[in-house]
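One letter stands for each residue in the lines below.
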Amino acid sequence: MTGEHVWSVVLAGGDGTRLRALTTAPCGTPVPKQFCSLQGSRTLLEDAIARATGVVKEERICAIVAQQHRRWWMPALNRMAARNIIVQPRNKGTAIGVLYAILSVLARDPQGRGLLLPADPFVGDEVGL
């Protein structure tokens, strides 16, 4: 999937409530799973962004995140252009996040089309994809 109107949106606005017992910081603060590392290196969000770079140009990779998670996504997205970080005022569910992200991309590129990548699944064998 290549071309000048192709975009990738990484979905990273969820609260991670289902795995909260497994994704808690040592101080007891629950951390949404997309901001956790399951192998001790990159977070799941950073893995999803790396996955996106194999499909679209870096300047057309966006991430949708929730405002209340700023302390976690700021370090993970420090290399991403600020205009590619789509901040929801708060998490209102996946469908609303997807719609908000799509509308944000289409406002910039009315011919835009693309790929949605959730940031929370773990992919153990990237090469096998």
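Note: the structure precedes this text.
Computed from a predicted structure; not experimentally measured.

S.K.: Before we move on, could you go through the overall build of the chain and cite the residues and values that matter?
M.R.: Counting its regular elements, the chain contains 3 helices and 4 strands. Tracing the chain from N to C terminus, the helices and strands come up as β-α-β-α-β-α-β. When contacts within the chain are restricted to residue pairs at least 6 apart in sequence, long-range pairs at least 24 apart make up 62% of them. About 7600 Å² of surface is accessible on the chain, with carbon and sulfur atoms providing 57% of the total.

S.K.: Report on the sheet that holds strand β2 (residues 61-66), specifying residues and quantitative values.
M.R.: On the basis of which strands lie adjacent, the open sheet formed by 4 strands has the order β3-β2-β1-β4 and parallel pairing. The open sheet has two free edges, formed respectively by β3 (85-88) and β4 (113-118), since each of these has just one partner strand. Averaged over all adjacent pairs, the angle separating strand axes in this sheet is 20°, with direction ignored. When β2 meets β3, the two strands line up parallel, connected through 4 bridges. Residue I64 lies in a different strand from β3, and its bridge partner there is I86.

What counts, and where the lines are drawn
- Residues numbered from 1 in each chain as written.
- Predicted model: local features only at pLDDT ≥ 70, side-chain atom pairs only at ≥ 80, totals over all residues.
- Heavy atoms only, no water.
- Helix = DSSP H or I, 4+ residues; strand = E, 2+ residues; numbered from the N terminus.
- Contact = heavy atoms within 4.5 Å.
- Areas by Shrake-Rupley, 256 points an atom, 1.4 Å probe, with all protein chains shown as cover.
- Pairing = 2+ DSSP bridges.
- Axes fitted to C-alpha atoms, helices over the stretch in contact; angles between N-to-C directions.

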